[in-house]
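Notes for the structure review
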Amino acid sequence: MNGPESKKYNPENKTGYEYVLLADHMAELIDRGEWPVGSRLPGERSLSAEYGVALDTIRKATQILRDRGLVQTLRSKGTFVAARH
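Read on for a plain summary of the structure. (Residues numbered from 1 in each chain as written. Predicted model: local features only at pLDDT ≥ 70, side-chain atom pairs only at ≥ 80, totals over all residues. Heavy atoms only, no water.)

**Digging into the overall build of the protein chain**
For the protein chain, the helix and strand inventory stands at 3 helices and 2 strands. N-terminal to C-terminal, the α/β element order of the protein chain is α-α-α-β-β. Relative to its full complement of 85 residues, the protein chain shows a buried share of 36%. Once local pairs closer than 6 in sequence are excluded, the contacts in the protein chain between residues at least 24 apart make up 53%. With an accessible surface of roughly 5500 Å², the protein chain has 49% of that area assigned to carbon and sulfur atoms. (Helix = DSSP H or I, 4+ residues; strand = E, 2+ residues; numbered from the N terminus. Buried < 20%, exposed > 50% of the residue type's maximum accessible area, 1.4 Å probe, protein only. Contact = heavy atoms within 4.5 Å. Areas by Shrake-Rupley, 256 points an atom, 1.4 Å probe, with all protein chains shown as cover.)

**Quick notes on the nonpolar core**
Residues L22, M26 and W35 are the most contacted members of the largest nonpolar core, which totals 18 residues. Listing elements by their share of this core, those giving two or more residues are α1 (18–31), α2 (44–51) and α3 (55–67). By residue number, the principal contributor to this core is α1, which donates 6 residues. (Core = buried A, V, L, I, M, F, W, Y, C linked by side-chain atoms within 4.5 Å.)

**Quick word on the packing of α1 against α3**
α3 packs onto α1 with a crossing angle of 55° between their chain directions and a minimal axis gap of 8 Å. Between α1 and α3, the angle is such that the two are oblique. As for the relative orientation of α1 and α3, their crossing is right-handed in sense. Across the interface between the two elements, E18, Y19, V20, L22, A23, M26 and A27 from α1 touch T57, I58, K60, A61, T62, I64 and L65 from α3. Across the contact of α1 with α3, the residue classes break down as 10 nonpolar, 2 polar and 2 charged. (Axes fitted to C-alpha atoms, helices over the stretch in contact; angles between N-to-C directions. Parallel < 35°, antiparallel > 145°, perpendicular 65-115°, else oblique. Left-handed = near helix turned anticlockwise from the far one by under 90°. Nonpolar A, V, L, I, M, F, W, Y, C, P; charged D, E, K, R; others polar.)

**Some words on the pairing of strand β1 (residues 71–74)**
Sheet topology places β1 next to strand β2 (residues 78–81); 4 bridges connect them, and they run antiparallel. When the sheet's bridge partners are listed, Q72 is paired in β2 with F80. Taking the residues that link successive antiparallel strands as the turn, the β1-β2 hairpin has 3 residues, and the phi of S76 there is positive, at about 65°. (Pairing = 2+ DSSP bridges.)

**Brief notes about the pattern of salt bridges**
Any two side chains of opposite charge can pair, on the condition that their charged atoms come close. Under the defined criterion, the tally for this structure stands at 5 salt bridges. A salt bridge links E28 to R32, with the shortest nitrogen-to-oxygen separation between them at 3.8 Å. Classification of E28 as partly exposed rests on a relative accessible area of 37%. A salt bridge links E44 to R59; the shortest N-O distance between them is 3.0 Å. In this pair, E44 sits in helix α2 while R59 sits in helix α3, placing the two residues 15 residues apart along the sequence. It is possible to trace a salt-bridge network through shared partners that takes in E28, R32 and E34. (Salt bridge = Lys/Arg side-chain N within 4 Å of Asp/Glu carboxyl O.)

Written as C-alpha cells, this is what we have:
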C-alpha cells in the first residue's frame, strides 16, 4: 500500500469495515455517473491494485453493490452497472 493515497475511497476517515467503506465509495462513483449504467467495472485485480486492498475485500464490496441492486455480475463477462428502477 502507498499510504493515504491507497485509502482515497475513505476521504473523511470514517471507521468501519474496509469492504463496506469501499462499497460506499463505489456506490458514489455510480451515483455521480463516473461509472454509468451499462458500463463494465474494472476487473477485481485492477481494483485491488488501485485501492491497495486484498481481492477478498473487492469481492465483498462488489457483493454489497449486488445486494443493493447497483451492479450485476455476468459469469465470464464481468460486473456491470445496473439500470435504476
